[in-house]
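Remarks on the overall topology
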Amino acid sequence: MPQVEIAIGGRTFEVACQEGEEHFLHSAAAMLDTEASHLAGQIGRVPEARMLLMAGLMLADKTAGLEDKVREVEAEAAKMRADLERLHAQPAPEPVRVEVPVVPAAVTDALAEIAARAEALAEQVEAR
């Protein structure tokens, strides 16, 4: 079992961990050191046990807040999944036929006017 040396609040500790877990131990120690350093900056020098207790409580408070947020996000994700399943379960809507005019209205009007003039000319020719 590897022995890892970590520093928390300016103090060094030797801690045993499982093989391959050294990185996680260093990461956890860094978080605890951040909280301990913050406490030392606010309060000054405190006994080791009290510093570790307070730093641990601060991390536990942050963790509890994050767990609350995770529960909220999980509930929201579950609601979205349910909504998505409900939408997938609905039958597909009937297709709607949409007609789009290909010839602009101005061109249609102009053609109608030309046709009317042509008919008027044809009537004049027939009348003669």
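What counts, and where the lines are drawn
Residues numbered from 1 in each chain as written. Predicted model: local features only at pLDDT ≥ 70, side-chain atom pairs only at ≥ 80, totals over all residues. Heavy atoms only, no water. Patch = residues over 30% accessible without salt bridge, like charges linked within 9 Å, V, L, I, M, F, W, Y side chains within 5 Å. Areas by Shrake-Rupley, 256 points an atom, 1.4 Å probe, with all protein chains shown as cover. Salt bridge = Lys/Arg side-chain N within 4 Å of Asp/Glu carboxyl O. Helix = DSSP H or I, 4+ residues; strand = E, 2+ residues; numbered from the N terminus. Buried < 20%, exposed > 50% of the residue type's maximum accessible area, 1.4 Å probe, protein only. Pairing = 2+ DSSP bridges. Axes fitted to C-alpha atoms, helices over the stretch in contact; angles between N-to-C directions. Left-handed = near helix turned anticlockwise from the far one by under 90°. Contact = heavy atoms within 4.5 Å. Nonpolar A, V, L, I, M, F, W, Y, C, P; charged D, E, K, R; others polar.

Considerations on a nonpolar patch on the surface
There is a patch of nonpolar side chains on the surface, built from V102, V103, V107, L111 and I114 and spanning about 490 Å² of accessible area. Within the secondary structure layout, V103 lies in the loop between α2 (48-89) and α3 (105-127). Classification of V103 as partly exposed rests on a relative accessible area of 44%.

Observations regarding the pattern of salt bridges
Per the stated rule, a full pass over the model turns up five salt bridges. Between R97 and E99 there is a salt bridge; the shortest N-O distance is 3.7 Å. For the pair shown, R97 and E99 are each scored as exposed. E113 is the salt-bridge partner of R117, the closest N and O atoms lying 2.8 Å from each other. Of this pair, R117 and E113 are both found in helix α3, four residues apart, which corresponds to roughly one turn of the helix. With relative accessibility at 54%, the residue R117 sits in the exposed group.

Looking at the pairing of strand β2 (residues 11-16)
Pairing of strand β1 (residues 3-8) with β2, which is carried by six bridges, proceeds in the antiparallel orientation. Bridge assignment links V4 to a residue of β2, and that residue is V15. Hairpin connection between β1 and β2: a loop of two residues separates the two successive antiparallel strands, and G9 in this loop has a positive phi of roughly 60°.

Overview of the packing of helix α1 (residues 22-43) against α2
For the pair α1 and α2, interaxial distance at closest approach is 9 Å and the crossing angle is 115°. For the crossing formed where α1 meets α2, the hand is right-handed. Each of M31, L32, E35, A36, H38, L39 and I43 in α1 lies in contact with α2, whose residues at this interface are M51, L52, M54, A55, G56, M58, L59 and K62. Broken down by class, the residue content of the contact of α1 with α2 amounts to 11 nonpolar, two polar and two charged.

All quantities given are derived from atomic positions and should not be read as evidence of function.
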